[in-house]
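Given next are the chains, with one letter for each unit.
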Amino acid sequence: MTDGSLTSSALTAAYLRRIKTVDPRIHAVLRTDPTALRQAAASDVRHRHGRARSPLDGIPVLLKDNVNTRDMPTTAGSQALAGSPPGTDAALVKRLRDAGAVILGKTNLSEWANFRAAKPTSGWSAVGGQTSNPYVLDRNPCGSSSGSAAALAASLAQVAIGTETDGSIVCPAGMNGVVGHKPSLGLVSGAGVVPISAEQDTAGPMARNVIDAALTFSVLRGDEGVVRGEGVVRGEGAVREEGGAGLATRPDGLAGPAGGSLRGKRIGLWRLPSLGPEVDALMTRTAEKLRGAGAEVVQVTPPYQERLAQLEFPALLSEFHRDIDAYLATRKGPRNLAELIEFTRTHPAERTCFAGQELFEQALAAPPTTDPGYRAMRAELKDLSRRSLDETLAAHRLDAIAAPTNPPAWTTDCARGDNDVIPSSTPAAVAGYPSLSVPAGFVGELPVGLLLMTGDRRDAGLLSLGAAVEQRLKAWRAPRYLPSVGSGS
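A brief structural summary. Since we're looking at a predicted model, the values are computed, not measured. (Residues numbered from 1 in each chain as written. Predicted model: local features only at pLDDT ≥ 70, side-chain atom pairs only at ≥ 80, totals over all residues. Heavy atoms only, no water.)

1. Re the overall build of the protein chain
Selection rule: Put simply, DSSP marks the helices as runs of H or I at least four residues long and the strands as runs of E at least two long, and each gets a number from the N terminus on. Atoms counted for the radius of gyration: C-alpha only. Globule rule: 2.2 Å times residue count to the power 0.38. Areas reported here follow the Shrake-Rupley algorithm with a probe of radius 1.4 Å; residue values treat only the protein chains shown as occluding. The charge count treats Lys and Arg as positive and Asp and Glu as negative. His and the chain ends do not count. Working definition for charges: the position is that of NZ of Lys, CZ of Arg, CG of Asp or CD of Glu.
Summing up its helical and strand segments, the protein chain has 14 helices and 15 strands in all. In terms of overall size, the protein chain behaves like a compact globule, its C-alpha atoms giving a radius of gyration of 21 Å where 489 residues would be expected to give roughly 23 Å. Projected onto the principal axes, the alpha-carbon positions of the protein chain cover approximately 60 × 55 × 50 Å. A total of about 17600 Å² of accessible surface is found on the protein chain, and carbon and sulfur atoms cover 53% of it. Distance between charge centres in the protein chain, computed from 53 positive and 50 negative side chains, equals 5 Å.

See below:
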């Protein structure tokens, strides 16, 4: 774009054509923005006059459909919100628009970000139906940012936005063979995003490589120098400190995550053999590759995991009741959780894959967030989750903890629901610490990610390390859209 050999108009048109031809196989994109080509044309004018606003100026971005857009519906996958669009954009959408990004459209998600039924089916919503995994179409894309991850795997946009409470950015990224960054809590505004819990929710970037994720993160968190295109776009700035966006000059003069070498890095491998022998064997091969690049890899087991698993869900129930009531009060449709439960009960379209809304009902009956018992539970969660990571990082002098992000994708089955006991995302999610999934390899045709975690607000260092790991593993490959495992292409 800088030298004029590519225009935003050409790139946006190419993605729109690809959505039209490829998306009917995977059902990842709910709708495209009718103004996308006009946005792209405006970006081209800025580029021609040397006034590009940021590295994302003219770059097509897909948004998970729980992120408010003033000019398109925002449904969280439910017919309950399928009427009028929200009155305003989410704060992160305003940042993207101010940076010149092209809002390409909205992606499908697990309805209500997978917080409705006790046995949901990830990637299904009443609005968008079932999103498929592009690698093997009868396999699940994981939730809840399923559409965002599947769309990137299928090359339907350059970058996408996902959201996570626990695993909903990193698991879809791992299962669809792309990159997902869950930022430190509070670095990306949650204003205008359909909530589960303010104590854990965050939006974050998803992309096919770490550099694109880092550039998108710099805009989402509002790094003003990047948004205005100062310094970092042309490679004039020094490496950012840990509080910055994790960008630095690359040899080609573009902005990207600082890093490249793994020599001397210390990584703690949390193996999680419960995810199966094939995943464990992949982790062994991954560790060997990292050691071959000069990293020191030691085996670790972060403590307190059983207690975190006991406490997290009850705390989320109380927080969901508080936060969804506040959000629904801003929208037309059900005005609170009790009305939402009634809507789901009386609208058959909401129950065409799975019928349950047990989590809604349990949240309605949960103690309020003013309850001393709840407050003690959240305080213990915060303490134990942070100690779990901090103590492990300190005891082994680690730069990061690594773990498998996901098992091989399970077969999608509405009657059974998900098979998704995946513990690796929980410590960072509950602590509010950053995590990053990069492609690690495959079990047969199915991608598996490597989840990297580190301390609070150390997103810059994590992105830098992730870029180096990504370059060493070189694990990405394009999907083949096989109908099932064992099928020919």
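2. Notes on the packing of aromatic side chains
The description of two aromatic rings rests on the distance between their centres and on the angle between their planes. The following threshold applies: Any two rings among Phe, Tyr and Trp, with Trp reduced to its six-membered ring, count as a pair given centres within 6.5 Å; such a pair is stacked if its planes are under 30 degrees apart, edge-to-face if over 60, and tilted if neither. Relative accessibility under 20% of the residue-type maximum defines a buried residue, over 50% an exposed one, and the middle range a partly exposed one, all with a 1.4 Å probe and only protein chains included. Distance and angle both matter: a charge sits over a ring if NZ of Lys or CZ of Arg is within 6 Å of the ring centre and within 35 degrees of the ring normal.
Under the criterion given, the structure shown has 6 aromatic pairs. Ring geometry for Trp112 versus Phe360: centroids 6.1 Å apart, planes at 75°, classification edge-to-face. Remark: Phe360 occurs in helix H11 (residues 358–365) and Trp112 occurs in the loop between strand S3 (102–107) and strand S4 (124–125); sequence separation between them is 248 residues. The two residues Trp112 and Phe360 agree in class, both being buried. Seen in terms of ring centroids, Phe320 and Phe360 are 5.7 Å apart; in terms of plane orientation they differ by 10°. Their pairing is stacked. With a gap of 40 residues between them, Phe320 in helix H9 (residues 305–328) and Phe360 in helix H11 connect regions that are remote in the sequence. Accessibility assignment for this pair places Phe320 and Phe360 in one class, buried. Its end group placed over the ring of Phe442, Arg477 keeps NZ or CZ at 3.6 Å from the ring centre.

3. A few points about helix H4 (residues 146–153)
Among the 8 residues that make up H4, 8 are buried, leaving the element largely enclosed by the rest of the structure. Those residues of H4 lying buried are Ser146, Gly147, Ser148, Ala149, Ala150, Ala151, Leu152 and Ala153. Of the residues flanking the end of H4, it is Ser155, one or two places downstream, whose phi is positive at about 55°.

4. A look at the layout of surface pockets
Take a probe with the size of a water molecule and roll it over the atoms, and the empty space left behind shows itself. What counts here: The method works on a 1 Å grid over the protein atoms by themselves. A cavity is a set of points holding a 1.4 Å probe that cannot get out, a pocket is an open set with protein on both sides within 12 Å along at least five of seven lines, and residues with an atom within 4 Å of a point line them. Grid points are joined across faces, edges and corners, and a volume is the space filled by probe spheres set on the points. As a working rule, the residues Ala, Val, Leu, Ile, Met, Phe, Trp, Tyr, Cys and Pro are called nonpolar, Asp, Glu, Lys and Arg charged, and the rest polar, with Gly in that last group.
In this structure, the largest pocket occupies an estimated 970 Å³ of space. Lining the largest pocket are 34 residues, with Asp166, Glu312, Asp420, Ile422 and Thr426 positioned closest to its centre. The biggest single contributor to the lining of the largest pocket is H9, with 5 residues. Within the lining of the largest pocket, the residues separate by chemical class into 17 nonpolar, 12 polar and 5 charged.

5. Digging into the pattern of salt bridges
The cut-off we apply is this: For this analysis, a salt bridge means a side-chain nitrogen from Lys or Arg found within 4 Å of a carboxyl oxygen belonging to Asp or Glu.
Evaluated as defined, the whole model comprises 22 salt bridges. A salt bridge links Arg271 to Asp280, with the nearest nitrogen and oxygen atoms 3.0 Å apart. For Arg271, a relative accessible area of 17% corresponds to the buried category. Notably, a salt bridge pairs Glu391 with Arg387, separated by 2.9 Å at the nearest N-O pair. Taken as a pair, Glu391 and Arg387 lie in helix H12 (residues 372–395) at a separation of 4 residues, close to a single helical turn. Its relative accessible area of 33% is what places Glu391 among the partly exposed residues. The structure contains a network of salt bridges with shared partners spanning Arg70, Asp71, Asp89 and Arg97.

6. Things to note about a positive patch on the surface
As a reminder, the rule being used: Only residues whose relative accessible area exceeds 30% and that form no salt bridge enter a patch; like-charged residues are grouped when within 9 Å of one another, and nonpolar side chains (Val, Leu, Ile, Met, Phe, Trp, Tyr) when within 5 Å.
Judged by side-chain charge, Arg285, Lys289, Arg472 and Lys474 come together as a positively charged surface patch. Within the secondary structure, Lys474 is located in the segment after helix H14 (459–473). Overall, Lys474 belongs to the exposed group, its relative accessible area being 68%.

7. Regarding the pairing of strand S8 (residues 202–207)
So the rule is basically this: For two strands to be treated as a pair, DSSP must find at least two bridges joining them.
Among the 6 residues that make up S8, 6 are buried, leaving the element largely enclosed by the rest of the structure. With burial as the criterion, each face of S8 is covered, one bearing Thr202, Gly204 and Met206 and the other bearing Ala203, Pro205 and Ala207. Pairing of strand S6 (residues 159–164) with S8 involves 6 bridges; the strand directions are antiparallel. Across the sheet, the residue bridging to Gly162 is Gly204, located in S8. Sheet analysis places strand S7 (residues 179–182) next to S8, joined by 2 bridges and oriented antiparallel. Its bridge partner lying in S8, Val179 is registered against Ala207.

8. What about the packing of H9 against H12?
Spelled out, the test is: Only the stretch in contact is used when a helix axis is fitted, and all axes are lines through C-alpha atoms; the angle between N-to-C directions ranges over 0 to 180 degrees. Between 65 and 115 degrees an angle is taken as roughly perpendicular, under 35 as roughly parallel, over 145 as roughly antiparallel, and anywhere else as oblique. Left-handed describes a crossing whose near helix is turned anticlockwise from the far helix by less than a right angle; the clockwise case is right-handed. Contacts are assigned to residue pairs that have any heavy atoms within 4.5 Å of one another.
Running from N to C, H9 and H12 cross one another at 135°; their axes reach a closest spacing of 9 Å. Taken together, the axes of H9 and H12 lie oblique to each other. Two packed elements cross with a definite hand, and for H9 against H12 that hand is left-handed. Across the interface between the two elements, Gln305, Arg307, Leu308, Leu311, Glu312, Pro314, Ala315, Leu316, Ser318, Glu319 and Arg322 of H9 pack against Tyr374, Met377, Arg378, Glu380, Leu381, Leu384, Ser385 and Ser388 of H12. Looking at the contact of H9 with H12 residue by residue, the class counts come to 9 nonpolar, 4 polar and 6 charged.

9. Notes on the nonpolar core
Note that soluble globular proteins tend to have their nonpolar side chains buried in a common cluster. What counts is decided by this rule: In plain words, nonpolar cores are sets of buried Ala, Val, Leu, Ile, Met, Phe, Trp, Tyr and Cys residues tied together by side-chain atoms within 4.5 Å.
Ranked by size, the top nonpolar core spans 99 residues in total, and within it Leu92, Leu96, Leu156, Leu450 and Val469 carry the most contacts. Contacts of Leu450, omitting those with residues within four sequence positions, involve Met283, Thr286, Ala402, Ala403, Thr405, Leu436, Ser437, Val438, Ala440, Val469 and Leu473. Counting residues in each nonpolar core, the second largest holds 22 residues, with Phe115, Val194, Leu317 and Leu340 among its members.

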